[in-house]
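Below, each chain spelled out in residue letters.
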Amino acid sequence: MTWNALILFGVLATSLVASAVIFLLAESRHTTRSVFNLAAAVLKLLLVGWIVWGVYQNIDYEFRFTIIEGVDFILRADALGMMFVGLSSLLWLFTTIYAIGYLEKAPNRSRFFGFFSLCVASTVGIALAGNLFTFLLFYELLTLSTYPLVVHRGTRESLRAGQVYLYYTLGGGALLLFGVVALHVLVGDTEFVPGGVLSGLDPSLHPLLIGIFLMMIIGLGVKAALFPLHAWLPMAMVAPAPVSALLHAVAVVKAGAFGIARLVYDVYGIEFAFSLGLLGPLAVAASITIIYGSLRALAQDDLKKRLAFSTVSQVSYIILGISLFGPVGTLGGLVHLLHQGLMKITLFFCAGNYAETLGVHKISELDGAGQRMPATSVAFTLGAFGMIGIPPMAGFISKWYLGMGALQAEMNWVLGVLILSSLLNAAYFLPILYRIWFRRRQRLWCEGKVLGRFETSGWLLLPTLATAAFALVAGVLAGMPFSPLYWADLIVSREYLP
Amino acid sequence: MSGFLGTAALLLAPGVPLALGVLWGVPRLRRHIGPLAPWAAAPALLLALLGTPGETVELSWLLFGGYLGLTETTRVFLFFTALIWFAAGIHGRGHLAEGDHCERFCVFWLFTLAGNIGLIVALDVALFYTSFALMTFAAYGLIVHDQNETAQRAGRVYLVLAVLGEALILMGLLLAARATAAPLLPMLAELPQAIAGAPERDLIIASLWLGFGVKAGLPLLHFSLPLAYGAAPVPVAAALAGAMIKAGLLGWLVTLPLGFVGLQHWGTIIILTGLFAAFAAALIGVNQKQPRIVLAYSSISQMGLVSVGIGAWMVAPEQGPLLAVAITVFALHHSLAKAALFLGTEVVRHRTRRPVLWLWVGLGIPALALAGLMPSGLVAKASLKYGLLTDAPVPEVWSYLPLLLGLAAIGTTALMARHLWLLRLEAGRDDAQPTAWHGWALITAATVLGILLLPLWGIEVPWMAAVGGLPDALWPVAAGLVLAALAWRWLRPLPIPPADVLVLLTPLPGLALRAGQALGVTGPAVRRALRHLEAKALDRYRSADHRLGRFTEHLWRRDASLLFALLLAVVALIGIRIA
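Basis of the calculations
- Residues numbered from 1 in each chain as written.
- Chains lettered and ligands numbered in written order.
- Predicted model: local features only at pLDDT ≥ 70, side-chain atom pairs only at ≥ 80, totals over all residues.
- Heavy atoms only, no water.
- Salt bridge = Lys/Arg side-chain N within 4 Å of Asp/Glu carboxyl O.
- Helix = DSSP H or I, 4+ residues; strand = E, 2+ residues; numbered from the N terminus.
- Buried < 20%, exposed > 50% of the residue type's maximum accessible area, 1.4 Å probe, protein only.
- Pairing = 2+ DSSP bridges.
- Axes fitted to C-alpha atoms, helices over the stretch in contact; angles between N-to-C directions.
- Parallel < 35°, antiparallel > 145°, perpendicular 65-115°, else oblique.
- Left-handed = near helix turned anticlockwise from the far one by under 90°.
- Nonpolar A, V, L, I, M, F, W, Y, C, P; charged D, E, K, R; others polar.
- Domains from an automatic or database assignment.
- Contact = heavy atoms within 4.5 Å.
- Buried area = accessible area lost by both parts, 1.4 Å probe.
- Polar contact = N/O pair within 3.5 Å; in protein donor to acceptor, adjacent residues only side chain to side chain.

**Brief notes about the pattern of salt bridges**
Then, in step 1: Taken as a whole and assessed by the stated rule, the structure comprises 12 salt bridges over all chains.
Then, in step 2: When the shortest N-O distance is used, the salt bridge between Glu-191 of chain A and Arg-64 of chain A registers 3.2 Å. Of this pair, Glu-191 of chain A sits in the loop between α6 (156-187) and α7 (206-223) while Arg-64 of chain A sits in strand β1 (residues 62-68); the two residues are 127 residues apart in sequence, bridging distant segments of the chain.
Then, in step 3: Under the relative-accessibility criterion, Glu-191 of chain A is labelled partly exposed at 21%.
Then, in step 4: Residue class for Arg-64 of chain A comes out partly exposed when judged on its relative accessible area of 33%.
Then, in step 5: The partner of Asp-202 of chain B in a salt bridge is Arg-201 of chain B, and the shortest N-O contact between them spans 3.9 Å.
Then, in step 6: Look at the salt bridges and you will find they share partners, linking Glu-62, Arg-64, Asp-72, Arg-76 and Glu-191 of chain A into a network.

The following block contains the structure:
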């Protein structure tokens, strides 16, 4: 086994080992656990940085062993996968810091952080999977490792949400499994190859391929919260804030969106998918989800619930981008995979800060919060502007590329969807900002605990500011090497010019 | 200025206010930034005075790749924009460094300024749009600064229109950029030609005209102007009316396909809308009871006249060079005069020991300029008429244009008379505040002298046409004054609310208040009832949402796994069938 394969395995192993060790640690070993957790996250980030540089220089990283004849376990680092790995490692570090502060003195922290690491390990596995089999393995592992996180609080509501979550994701997983098996029967072990592996099949099989595509999209669409498969997501927001942040920004919904990207680009191949006429309906489904999510978000008074519906809407931007035939649309969708993660995690961190510091959960109670918590509120403002797509935030870059991609794919109606969605986003984010900054405080906040010398605990504040800064910098410095846009451009050039 | 200095000046002009705005985030520095804020416009002013058009700076790391630079036209825009912000900043020192929420005011001030300067020096579309958005959204914080009910309403109307405008502009820019050679890094200079040849030409022109029209006070998109100018602190109103309104005009100038043939219909539409705005705004404006709102309508009216120039450029492309000069001169003249008028509304309220005569001379200068009797106004109007003289075949309305422009000047004179009359009633209301003088005096002086800079910058001002146009300029002023005198003697203003037909678009509050008055119910009670109704409507939406949620979610929620199993079976059956 080569060094490169070992390094690649190391990326996965850091969080797997962390998970195992944390499960074994006694509940009271708070400091050891935190140190270990953070060390693992930093180590992983360093390894990822190393590989990103290698992938940039076209070095192959592959780890493979044969399970049974014809079924391999493959980890491989390509540009698309590294994009997702990079996002999850970066945000894992910040979310870990945040969670340490958030769960201070809460019960069952060992269990929480153990599954938390396992969840990140699955995400990394999904990103690095080199074939459908490996992908499916980690996809299901993700379902199982997030369930304990969703029900972490153990309340009736969270157990109920967890149950619904399982129904949906296991159902979707079953459909996906069926699709994977069907493809396996058709072409054997389905490795991910830019340009896809199916275009050479006999034309008489095309209807079957369409059926399989539909099935797998439904399977993946559950996690990506495509309408009408999204119902679990707003319910799952009963989970603790760091979990919601991770679920909405990196782990679950992104795994679905990323899976769709893999399916379209590396299994079917975008040109083949286009010739089968699969992209148009996908674009329609994504557009419906975008508008539907925004309309629902408008009605919510619970801050996290509004953010949850906003996720439903925003994740479909990615799927919309994937369904636009042409390099620019692809670029828009892929870059939004990163941008949405950075912006949404910021917003959820902020929601958590408001809840922990002021005891505020509802939007109508946020009046005057900007005076009390200016730094958090600035972060929230940046995140919200990004979601609306106001420049120079990262969201604007996504929107510009998606719009241009739609025009170049001759799908001008998509531009209307994007504009309408921006207006709706403005309609549900700007009133929150108005309350935060311009209303006078209406009620007493329950500020019992002293949370350090900042406006709230430093553990909560620093990750929030860091991700907000990333969301700003990803937009302002989009032209720099190794910006999200730059990396997405690299992926696209490798996908469209094999 | 060239080479290193030129590059530095281009970067510092938007960079200094932006950097000060960012540094404001450091609490320890905050109290030092307030006193510096008025000076944040100084680098831009220096750039306008000493910079060389044609020089560019490339910032490849910024957005999709940013380009900064000056052109002959944008240098003039930069000059008056920076000067107005500078003067308004000096005038508003009280707001910036002390007083309620001065810290918040200061940061919004700096960001709005940075956006306004940035959009002028931007050469690429992304940076232009970014700066435009920064200016638009930061200005909201300035408009609602006073936090009273009027300011909140103004802010709400402003924001709704601004968001709509931004969306329209984005749509127009995207469609236009697609038609350029490099859609992912479009330069502003490429847009007009691309639009002229684009298949969606009409859609693009419509979205850009309307989108920028929100800023420039196009009829029916103008509601935020009178409301915001009336509610914002005076220095903000001066910056809004002098500088930011011209951002809309600049947007038209740099994006619309001016100078290309075959846009007669658009030209005619824009001319007619402009004329409508010029007259309707004058008619509504003279009935207003607050000086600042009168001025707002005067702005709408004047922007209508400028858009006659834009429309004429589309109808008669060969007149382009002359009309470009006319529009630039007009923009300079109107901006400086309007900013002076706005700052004057506060100066007049301060009791002072200075001779009253000089105060009124100072207040009268920009008013006379707008009416067309000071050199700047005279040149502006004459160059517009001069630009309209063409031998090319033109629509019928064309031959009436000089006369209509003259009639519009009657309206302007009447508005100015009304403004000064209302101002007289407010004189000496507040205690003296000496700093308020400097900014106002500076901008008033610039109103007189600013026009002299244009020849230095290589813009050929048609002086002779202006001298020849003097008789033409006199009769409307005389007629306007006579009208004003007659009106003062015999007419009473009609009760037209500050945002005129907005009450017809949102009729409920007005009707309810009126009905309440008739029934003897007080205003606050009616407002409470309205708020209750609003809450009820929101509840309706929420409960509809809830039902929708039940419909789409509960249905699936209960039996999701069963449903997936069913789906699986169906798809499997289809698969087996086909295989």
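**Let's talk about the pairing of strand β2 (residues 71-76) of chain A**
Residues and elements named next belong to chain A.
Then, in step 1: Judged by how many residues are buried, β2 sits mostly within the fold: six of six residues are covered.
Then, in step 2: Burial along β2 is two-sided: Val-71, Phe-73 and Leu-75 facing one way and Asp-72, Ile-74 and Arg-76 facing the other are all buried.
Then, in step 3: Two elements, β1 and β2, share six bridges in a ladder whose sense is antiparallel. Paired with Thr-66 across the strands is Asp-72, a residue of β2.

**With respect to the packing of helix α13 (residues 264-285) of chain B against helix α14 (residues 291-315) of chain B**
Residue and element names in this part refer to chain B.
Then, in step 1: At a minimum axis separation of 7 Å, α13 and α14 run at an interaxial angle of 160°. For the element pair α13 / α14, the angle class is roughly antiparallel. Viewed along their axes, α13 and α14 form a crossing whose handedness is left-handed.
Then, in step 2: Its residues assigned to classes, the contact of α13 with α14 shows 18 nonpolar, nine polar and no charged.

**Side note on the domain arrangement of chain A**
Residues and elements named next belong to chain A.
Then, in step 1: Considered domain by domain, chain A is made up of domain 1 (1-277) and domain 2 (283-498).
Then, in step 2: Between domain 1 and domain 2, the residue contacts involve 50 residues of the former and 52 residues of the latter.
Then, in step 3: Roughly 4600 Å² of surface becomes buried between domain 1 and domain 2 when both sides are summed, with 78% attributable to carbon and sulfur atoms.
Then, in step 4: Counting the surface domain 1 buries against domain 2, the share from its top three residues, Met-83, Tyr-98 and Tyr-265, is 16%.
Then, in step 5: Seen at the junction of domain 1 and domain 2, the total is zero salt bridges.
Then, in step 6: The interface formed by domain 1 and domain 2 holds 14 residue pairs in polar contact (both at pLDDT 80 or more) in total.
Then, in step 7: Of all the secondary-structure elements, those providing two or more residues to the side of domain 1 that touches domain 2 are α2 (30-56), α3 (79-102), α8 (232-235), α9 (241-249), α10 (252-268) and α11 (270-275).

**Digging into unusual backbone geometry**
Then, in step 1: Each neighbour pair has its own omega, and for Pro-391 of chain A with Pro-392 of chain A the value is 5°, a cis peptide bond.
Then, in step 2: Phi is positive for Phe-482 of chain A, which is not a glycine, with a value near 65°.
Then, in step 3: In this fold, Phe-482 of chain A is placed in the loop between α19 (458-476) and α20 (484-496).
Then, in step 4: Assessed through its relative accessible area of 38%, Phe-482 of chain A is described here as partly exposed.
Then, in step 5: Positive phi values are uncommon outside glycine, yet Leu-63 of chain B reaches one of about 50°.
Then, in step 6: As for its placement among the helices and strands, Leu-63 of chain B is situated in the loop between β1 (56-59) and β2 (66-69).

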